[in-house]
Amino acid sequence: MTESEQTMVAQCTLEHSDTVKGTILLMQAPNTATLIKGTITGLKPGLHGLHIHEFGDMSDGCKSMGAHYNPDGIDHGDLIKGHVGDLGNIIAGESGTAEFSIKAHRVDLMGDRSVIGRGLVVHENEDDLGKGGDAESLKTGNAGDRLACGVIVARSEDIVEAHGGKHSTSGRSMTKGEKKKREKIVKGMKKDKAGFKKRYGKDAEAVMYATATKQAMK
């Protein structure tokens, strides 16, 4: 079965927080928008920005995930117009739980702009969607601190990896041992960072993490 005939499935388990927890599922059928569904707990009631970030790098917690995924080099905005990684806001109720379903037409799980291997971050504050009137609004939406984050990992069996080659996973979350193994693999890959950058350009870091995740979960 070719990539064009498959439905791609990915998931993200939020980490690096003692209180904020969640699992997000991403699904895309050929030539359709990506559906992003999830439940996040431990939030303060209200709106919280949700973004896909450049890198699936958690070597320094959520800080090392870089900026919003923005392959078009444009200003921050909303789900329709802005960074590809701009997913708008999720709403947490009085219990601190946010359940959401987002139809993201500009987010891809396949092809050159696949977000598999990149990071997903939930923020402390409401995203002003680029309408705050200041420079930071056009960069981050003034969404504040990064509360929790995770790596978007391919979930389907024997799928075509985002940037070429085969990728198989069991559909489970990574164990702590596998996460440590992944970081060790990435550290080794970064010794040839120039080679990765020459081959994959701005996607080099994401490819490293996608590949390392595959190897760590074998």
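Procedures and definitions
Residues numbered from 1 in each chain as written. Predicted model: local features only at pLDDT ≥ 70, side-chain atom pairs only at ≥ 80, totals over all residues. Heavy atoms only, no water. Disulfide = S-S within 2.5 Å. Pairing = 2+ DSSP bridges. Helix = DSSP H or I, 4+ residues; strand = E, 2+ residues; numbered from the N terminus. Axes fitted to C-alpha atoms, helices over the stretch in contact; angles between N-to-C directions. pLDDT = per-residue confidence, 0-100. Contact = heavy atoms within 4.5 Å.

## Points about the state of the cysteines
Taken as a whole and judged by the stated rule, the model has 1 disulfide. Here Cys-12 is not disulfide-linked; the sulfur of Cys-149 is the nearest cysteine sulfur, at 8.0 Å.

## So, the sheet that holds strand E9 (residues 146–151)
As summarised here, the arrangement of the 4 strands in space is E6-E4-E8-E9, forming an open sheet in which the pairing is antiparallel. The two strands at the open ends of the sheet, each matched to only one other strand, are strand E6 (86–92) and E9. Averaged over all pairs of adjacent strands, the angle between their axes in this sheet comes to 25°, without regard to strand direction. Pairing analysis gives 5 bridges linking strand E8 (residues 119–123) to E9, with the strands arranged antiparallel.

## A word on the confidence of the model for the protein
Scored by pLDDT, the protein has a mean of 85; 84% of the residues are at 70 or more. Ignoring residues within four places in sequence, the model shows residues 156–171, a span with pLDDT below 50, making 44 contacts including any to other chains.

## Digging into the sheet that holds strand E2 (residues 21–28)
If you walk across this open sheet you meet the 5 strands as E7-E3-E2-E1-E10, and the pairing is antiparallel. Among the strands making up the open sheet, the edge pair consists of strand E7 (98–104) and strand E10 (153–154). Judged from the 6 bridges that link them, strand E1 (residues 8–13) and E2 form a sheet pairing that is antiparallel. Within the sheet, the bridge partner assigned to Thr-13 lies in E2 and is Thr-23.

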